[in-house]
Amino acid sequence: MKTLWVEASPKQDRSLSSAMAETFLAAAPPDAVGQVERFSVWSEDLLRFGRDAAIAKFAPLYGEQRTDAQEAAWAQVLDEVERVRGFDRVVVSSPMWNWHVPHALKAWIDIVVQPGVSFTLNERGEHVGTLGTGKPAQLILTRSSAYDGRHPELQDFQRPYLEYIFGFLGYDVTTLVVEPTTRWSPEEREAMHAESLETARAAGATW
Ligand SMILES: Cc1cc2nc3c(=O)[nH]c(=O)nc-3n(C[C@H](O)[C@H](O)[C@H](O)COP(=O)(O)O)c2cc1C
């Protein structure tokens, strides 16, 4: 059993979503989690999906020969998808950034979502995920405002996007949201932090 923890906050020890993911994983039954790999999407080693990768992606469709640089970029894309495929479960912790996800998480998603590699079309022409294949994906999401109807002028693209994309890849998605995370006094912040970790612990225990 192997679990991939995809960490989207760059704040490390100051991140609430990362602390919640750590607590969630520590509380989960060891057999359900197995070996955990903590993977920050802010890693410097991650492929920067740019010109070569973008052209390489569509080359077979257009009947084009990939250049060496495009082949090299594409090999890194395939390696990353296969690395992810090697895990039995996925936990994604992410703050909301400008109503969506941090750009580093989106950049990683641009690497792993690939036609014919992580999703395909079935005989009816419908898109089907081939990466998740029914494996559990737990989303752990934080945001400083409330998106539960208290502020109808604010729109949430974080939760629906992540639920869509991991569902699209074939994962069985469950979501834990903590909001609103902004508190004005240190005491309130501490209480919110403790409460959030308790929520994560309770959710993890039933994973
Ligand atoms: C660059 C940036 C953009 C943000 N944009 C939003 C936003 O659009 N809506 C919101 O509710 N919170 C927003 N926040 C607040 C974070 O989502 C919130 O503080 C969250 O709890 C941080 O989680 P973390 O500690 O795991 O990084 C933003 C924070 C940053 C740093």
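As recorded in an unreviewed UniProt entry, the protein chain goes by FMN dependent NADH:quinone oxidoreductase and comes from Mycolicibacillus parakoreensis. Word for word, the UniProt comment on the protein chain under Subunit (unreviewed entry) is "Homodimer." Here the protein chain is described in UniProt, under the heading Sequence similarities (unreviewed entry), as follows: "Belongs to the azoreductase type 1 family."

Draft legend 1. Inspection of the overall build of the protein chain at higher detail. Each helix and strand counted, the protein chain has seven helices and seven strands in total. Helices and strands appear in the protein chain in the N-to-C order β-α-α-β-α-α-β-α-β-β-β-α-β-α. For 207 residues, the compact-globule formula gives about 17 Å, and the C-alpha radius of gyration of the protein chain, at 18 Å, lands near that figure. Once the C-alpha set of the protein chain is aligned to its principal axes, its extents read approximately 60 × 40 × 35 Å. Burial statistics for the protein chain: of 207 residues in total, 30% are counted as buried. Sequence separation of 24 or more characterises 77% of the internal contacts of the protein chain that already satisfy a separation of 6 or more.

Draft legend 2. Looking closely at the environment of Glu 179. Structurally, Glu 179 is set in the loop between strand E7 (172-178) and helix H7 (186-205). Residue Glu 179 is classed as partly exposed on the basis of its C-beta count, with 18 C-beta atoms lying within 10 Å. C-alpha separation for the pair Glu 179 and Ser 145, spaced 34 residues apart in sequence, amounts to 6.1 Å. Residues contacting Glu 179, with those up to four places away along its chain left out, are Arg 143, Ser 145, Ala 146 and Tyr 147.

Draft legend 3. The arrangement of the site of the ligand in detail. Taken together, 16 residues lie near the ligand, and Ser 9, Ser 17, Pro 95, Ser 145 and Thr 181 sit nearest. The element best represented in the shell around the ligand is helix H1 (residues 16-27), accounting for three residues. In terms of residue class, the shell around the ligand is made up of five nonpolar, nine polar and two charged.

Draft legend 4. Broad picture of the sheet that holds strand E3 (residues 89-95). In spatial order, the strands read E2-E1-E3-E6-E7; together these five strands make up an open sheet with parallel pairing. The open sheet has two edge strands with one neighbour each: strand E2 (35-40) and E7. The sheet shows a mean angle of 15 degrees between the axes of neighbouring strands, direction not considered. Together, strand E6 (136-142) and E7 form the strand contacts of H7, whose direction differs from that of E7 by roughly 160 degrees.

Draft legend 5. Representation of unusual backbone geometry within the structure. In the segment running from Glu 179 into Pro 180, the intervening peptide bond is cis, with an omega of -20 degrees. Within the element layout of this structure, Pro 180 appears in the loop between E7 and H7. Its identity as a non-glycine residue notwithstanding, Gln 12 has a phi of 50 degrees, on the positive side. With respect to the helices and strands, the residue Gln 12 is situated in the loop between strand E1 (2-7) and H1. What makes Gln 12 exposed here is the crowd of 11 C-beta atoms within 10 Å. With a phi angle near 70 degrees, Trp 99 is a residue other than glycine that sits in the positive phi range. Looking at the secondary structure, you find Trp 99 in the loop between E3 and helix H5 (103-112).

So, how was this worked out
- Residues numbered from 1 in each chain as written.
- Predicted model: local features only at pLDDT ≥ 70, side-chain atom pairs only at ≥ 80, totals over all residues.
- UniProt positions renumbered as here; feature names shortened; annotations may be inferred.
- Helix = DSSP H or I, 4+ residues; strand = E, 2+ residues; numbered from the N terminus.
- Rg over C-alpha atoms; globule rule 2.2 N^0.38 Å.
- Buried ≥ 20, exposed ≤ 12 C-beta atoms within 10 Å, placed from the backbone.
- Contact = placed C-beta atoms within 7 Å.
- Near = placed C-beta within 6 Å.
- Nonpolar A, V, L, I, M, F, W, Y, C, P; charged D, E, K, R; others polar.
- Pairing = 2+ DSSP bridges.
- Axes fitted to C-alpha atoms, helices over the stretch in contact; angles between N-to-C directions.

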